[in-house]
Amino acid sequence: LTDLRVRDNELTGQIPPELGQLTDLEVLYLDTNELTGPIPPQLGDLGPKLEEIHLYDNSLSGTIPPEMKNLSSLRHLYLDSNDVTGTIPPQCAQ
């Protein structure tokens, strides 16, 4: 699986940490749902192919996990319209 798009589906609850096992993903769209809780650090295990994560327009909270630095090909990370706090980890801005 290289492309997972489940946007605008009224999904509720937390992002399953098991998504981190989908190491061939290039695109992950979970935006415009009703997801809550923190961004699981396991998303940092998604692998070197992942280029886009769309998590905007949910009710996610907490900080951006430092494990996101492992996503070496990540070009787009959309987190707007959530309750994410703190700063972008320096490792993610490289």
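Preceding this paragraph is the structure being described.
Residues numbered from 1 in each chain as written. Predicted model: local features only at pLDDT ≥ 70, side-chain atom pairs only at ≥ 80, totals over all residues. Heavy atoms only, no water.

Examining the packing of aromatic side chains
What counts is decided by this rule: When the centres of two rings from Phe, Tyr and Trp lie within 6.5 Å, Trp using its six-membered ring, the rings pair. Their planes under 30 degrees apart give stacked, over 60 give edge-to-face, and anything left gives tilted. Ring-over charges, as used throughout, are those where CZ of Arg or NZ of Lys falls within 6 Å of the ring centre and within 35 degrees of the ring normal.
Counting across every chain of the model gives one aromatic pair. The ring centre of tyrosine 29 lies 4.4 Å from the NZ or CZ of arginine 5, which sits over that ring.

Brief notes about the sheet that holds strand β1 (residues 3-5)
Put simply, the rule is: Strand pairing requires that DSSP identify at least two bridges connecting the strands. Here a strand is any run of E in DSSP of at least two residues, a helix any run of H or I of at least four, and the numbering for each starts at the N terminus. Here, axes are lines fitted to C-alpha atoms. For helices the fit covers the stretch in contact, and angles between N-to-C directions go from 0 to 180 degrees.
In spatial order, the strands read β1-β3-β5-β7; together these four strands make up an open sheet with parallel pairing. Across the chains shown, the open sheet's two edge strands, defined by having one partner strand only, are β1 and β7 (76-78). Taken pair by pair, the neighbouring strands of this sheet meet at an average axis angle of 5°, ignoring direction.

Topic: the sheet that holds strand β8 (residues 83-84)
Spatial strand order, β2-β4-β6-β8: four strands in an open sheet with parallel pairing. In this open sheet, the two strands that pair with only one neighbour each are β2 (12-13) and β8.

Side note on the pairing of strand β6 (residues 59-62)
In this sheet, β6 lies alongside strand β4 (residues 34-38) in parallel orientation, the contact comprising three bridges. Of the residues in β6, the one forming a bridge with proline 38 is serine 61. Pairing analysis gives two bridges linking β6 to β8, with the strands arranged parallel. Looking across to β8, one finds that serine 61 is bridged to aspartate 83.

A few points about the pattern of salt bridges
We apply this condition: A pairing counts as a salt bridge when a side-chain nitrogen of Lys or Arg comes within 4 Å of a carboxyl oxygen of Asp or Glu. Each residue's exposure class comes from its accessible area (1.4 Å probe, protein chains only) as a fraction of the maximum for that residue type: buried when under 20%, exposed when over 50%, partly exposed otherwise.
Inspection of every chain in the model, using the stated rule, returns three salt bridges. Ionic pairing is found between aspartate 3 and arginine 5, a salt bridge with its closest N-O pair at 2.7 Å. Put simply, aspartate 24 and lysine 49 hold a salt bridge, and the shortest N to O gap is 3.0 Å. Within this pair, whereas aspartate 24 is found in the loop between β2 and β3 (27-29), its partner lysine 49 is found in the loop between β4 and β5 (52-54), the two being separated by 25 residues in sequence. For aspartate 24, a relative accessible area of 37% gives the class partly exposed.

Description of the nonpolar core
Rule in force here: Definition of nonpolar core: a set of buried residues of the types Ala, Val, Leu, Ile, Met, Phe, Trp, Tyr and Cys, connected through side-chain atoms within 4.5 Å. Should any heavy atoms of two residues lie within 4.5 Å, those residues are counted as being in contact.
Core analysis: the biggest nonpolar cluster contains 18 residues, and Leu28, Leu43 and Leu55 have the highest contact counts within it. With near-sequence residues (within four places) excluded, leucine 55 lies in contact with Ile15, Leu30, Asp31, Ile39, Leu43, Leu60, Tyr78, Leu79 and Asn82.

Quick look at the environment of glycine 13
In this fold, glycine 13 is placed in strand β2. Expressed as a C-alpha distance, the spacing of glycine 13 and glycine 37, which sit 24 residues apart in the sequence, is 7.5 Å. Sequence-distant contacts of glycine 13, defined by excluding residues within four places in its chain, comprise Glu34, Leu35 and Thr36.

Thoughts on the side chain of serine 73
Heads up, the rule is: Here a polar contact is recorded for every N or O atom pair within 3.5 Å, except that within protein the pair must consist of a potential hydrogen donor and a potential acceptor, and residues adjacent in sequence are included only if both atoms are side-chain atoms.
Positionally, serine 73 belongs in the loop between β6 and β7. A distance of 2.5 Å separates a polar atom in the side chain of serine 73 from the backbone oxygen of proline 48. Aside from chain neighbours lying at most four places away, what touches serine 73 is Pro48, Lys49, Leu50 and Glu51.

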